Amino acid sequence: MSAGHYDTATSRPRGGRMPRRERRAQLLESALEVFVAQGYHAAAMDDIAERAGVSKPVLYQHFPGKLDLYLALLDASCDLIIDHCRQALESTQDNKQRVAATMDAFFEYVAGDTGAFRLVFESDLTNETAVRAQVDRVTSECASMIAHVIHDDTGLPDHPSRLLAVSLVGMAQVSARFWLSEGGGGISKADAAALVAGLAWRGIRGYPLTDEH
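Residues numbered from 1 in each chain as written. Predicted model: local features only at pLDDT ≥ 70, side-chain atom pairs only at ≥ 80, totals over all residues. Heavy atoms only, no water.

The name an unreviewed UniProt entry assigns to the protein is AcrR family transcriptional regulator, from the organism Nocardioides panaciterrulae.

S.K.: Where do I start with the UniProt feature "DNA-binding region" (unreviewed entry) in the protein in this structure?
M.R.: The UniProt record marks residues 44–63 with the feature "DNA-binding region" (unreviewed entry), using the residue numbering of this structure. The span residues 44–63 is 75% helix and 0% strand, and its two end C-alpha atoms sit 13 Å from each other. (UniProt positions renumbered as here; feature names shortened; annotations may be inferred. Helix = DSSP H or I, 4+ residues; strand = E, 2+ residues; numbered from the N terminus.)

S.K.: Can you help me understand the packing of helix α4 (residues 66–90) against helix α7 (residues 129–154) in this one?
M.R.: Two measures define how a pair of helices packs: the angle their axes make with one another and the distance between the axes. Here α4 crosses α7 at 5°, and the two axes come no closer than 10 Å. On the basis of the axis angle, α4 is roughly parallel to α7. Facing Leu67, Tyr70, Leu71, Leu74, Asp75, Cys78, Asp79, Ile81, Ile82, Cys85, Arg86 and Leu89 of α4, the residues of α7 in contact are Ala130, Val131, Gln134, Val135, Arg137, Val138, Glu141, Cys142, Met145 and Ile146. Split by residue class, the contact of α4 with α7 holds 16 nonpolar, 1 polar and 5 charged. (Axes fitted to C-alpha atoms, helices over the stretch in contact; angles between N-to-C directions. Parallel < 35°, antiparallel > 145°, perpendicular 65-115°, else oblique. Contact = heavy atoms within 4.5 Å. Nonpolar A, V, L, I, M, F, W, Y, C, P; charged D, E, K, R; others polar.)

S.K.: Where do I start with the pattern of salt bridges in this structure?
M.R.: Once the charged atoms of two side chains with opposite charge are near each other, the side chains can pair. On inspection of all chains with the given rule, the structure shows 10 salt bridges. Notably, a salt bridge pairs Arg137 with Asp75, separated by 3.1 Å at the nearest N-O pair. Pair noted here: Arg137 is in helix α7 and Asp75 is in helix α4, with a separation of 62 residues, a long-range link. The salt bridge partner of Asp79 is Arg137, with a shortest N-O separation of 3.0 Å. Here the residue Asp79 occupies a position in helix α4, and Arg137 occupies one in helix α7, the gap between them amounting to 58 residues. One network of salt bridges, in which partners are shared, links Asp75, Asp79, Arg137 and Glu141. (Salt bridge = Lys/Arg side-chain N within 4 Å of Asp/Glu carboxyl O.)

S.K.: Got a minute to help me understand helix α9 (residues 189–204) in this structure?
M.R.: Each turn of an α-helix holds 3.6 residues, which means side chains three or four residues apart point in the same direction. Between its first and last C-alpha, α9 extends 22 Å over 16 residues, near the 22 Å set by a 1.5 Å rise per residue. Taken residue by residue, α9 has Ala192, Ala193, Val196, Ala197, Gly198, Ala200, Trp201 and Ile204 as its buried positions. In this structure, the buried side of α9 is in contact with α5 (95–110), α7 and α8 (158–181). (Expected span 1.5 Å × (residues − 1). Buried < 20%, exposed > 50% of the residue type's maximum accessible area, 1.4 Å probe, protein only.)

S.K.: What is the right way to read the nonpolar core from this model?
M.R.: Nonpolar side chains tend toward joint burial in soluble globular proteins. Core analysis: the largest hydrophobic core is formed by 61 residues, its most contacted members being Phe35 and Leu69. For this core, the elements supplying multiple residues, two or more each, are α1 (20–38), α2 (45–52), α4, α5, α6 (117–121), α7, α8 and α9. Per element, the largest residue contribution to this core is 10 residues, and it comes from α4. Structurally, this core is a two-domain feature, drawing no fewer than three residues from each of domain 1 (19–64) and domain 2 (74–206). (Core = buried A, V, L, I, M, F, W, Y, C linked by side-chain atoms within 4.5 Å. Domains from an automatic or database assignment.)

S.K.: Explain the side chain of Gln38 here, please?
M.R.: Relative to the helices and strands, Gln38 resides in helix α1. Among the polar contacts listed, one links the side chain of Gln38 to the backbone nitrogen of Ala43, at a separation of 3.4 Å. (Polar contact = N/O pair within 3.5 Å; in protein donor to acceptor, adjacent residues only side chain to side chain.)

S.K.: Even after reading the chapter, I still don't get the packing of aromatic side chains, so can you show me in this structure?
M.R.: Aromatic ring pairs are reported here in terms of the distance separating the ring centres and the angle at which the planes meet. As enumerated under the stated definition, the model contains 5 aromatic pairs in all. Between Phe35 and Tyr70 the ring centres are 5.0 Å apart and the planes differ by 90°, which places this aromatic pair in the edge-to-face class. With a gap of 35 residues between them, Phe35 in helix α1 and Tyr70 in helix α4 connect regions that are remote in the sequence. Look at Phe35 and you get buried, because its relative accessible area is 0%. With relative accessibility at 0%, the residue Tyr70 sits in the buried group. Members of the aromatic cluster, joined through ring pairs, are Phe35, Tyr40 and Tyr70. The ring of Tyr40 has Lys66 lying over it, and the distance from NZ or CZ to the ring centre is 4.4 Å. (Phe/Tyr/Trp six-rings, centres within 6.5 Å; stacked < 30°, edge-to-face > 60°. Lys NZ or Arg CZ within 6 Å of the ring centre and 35° of its normal.)

S.K.: What is the right way to read the packing of α7 against α8 from this model?
M.R.: In contact at an axis separation of 8 Å, α7 and α8 are set at 125° when each is read in the N-to-C sense. On the basis of the axis angle, α7 is oblique to α8. The handedness of the crossing between α7 and α8 is right-handed. Between α7 and α8, the contacting residues are Thr139, Ser140, Cys142, Ala143, Ser144, Ile146, Ala147, Ile150 and His151 on the first element and Asp158, Ser161, Arg162, Leu164, Ala165, Val166, Leu168 and Val169 on the second. Each residue belonging to the contact of α7 with α8 can be placed in one class, and the counts come to 10 nonpolar, 5 polar and 2 charged. (Left-handed = near helix turned anticlockwise from the far one by under 90°.)

What follows is the structure in structure tokens.
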């Protein structure tokens, strides 16, 4: 995750007491902005506290350290993309539309205004075991859901189904990130997702359905 310029002038004004849950959400929002802009290693708890408009002791009341804060954000970000993938697969029984919806989910997530995808797919802390486990969880859980669909529809054994599913997840997230890094390259988000979905569908539909379908 590349470091970016962080403008402390955008820090929030210091306010009064806030319910713990609301304060935690505010701190996470501020931390996300700082981590996305600077990367984990360059970010400091001072920056996050200033961005949130709180004192460092208040920040430490909620999160004992920078890694704890990062992991809380990462966990929420991973849950979000996994949930989007689940919703895409459950949105229809038409497998062509399922592929399209899954690609849309990844492109939508990567194109999000918060830049949260950088914590998951471009983290500069993947040498940390807890971070690596969370990042791997996205591929593992999304692939597991997709593999069930592939297995049920094609009758392929579990391992080949999972390999194909991991390939689809990799195609989705890498192509979405490339599209974003190129500024779209003149292709809209919807058209880019549809283009990649078309490639994926042309491959996956080549496997015959089981007799039950």
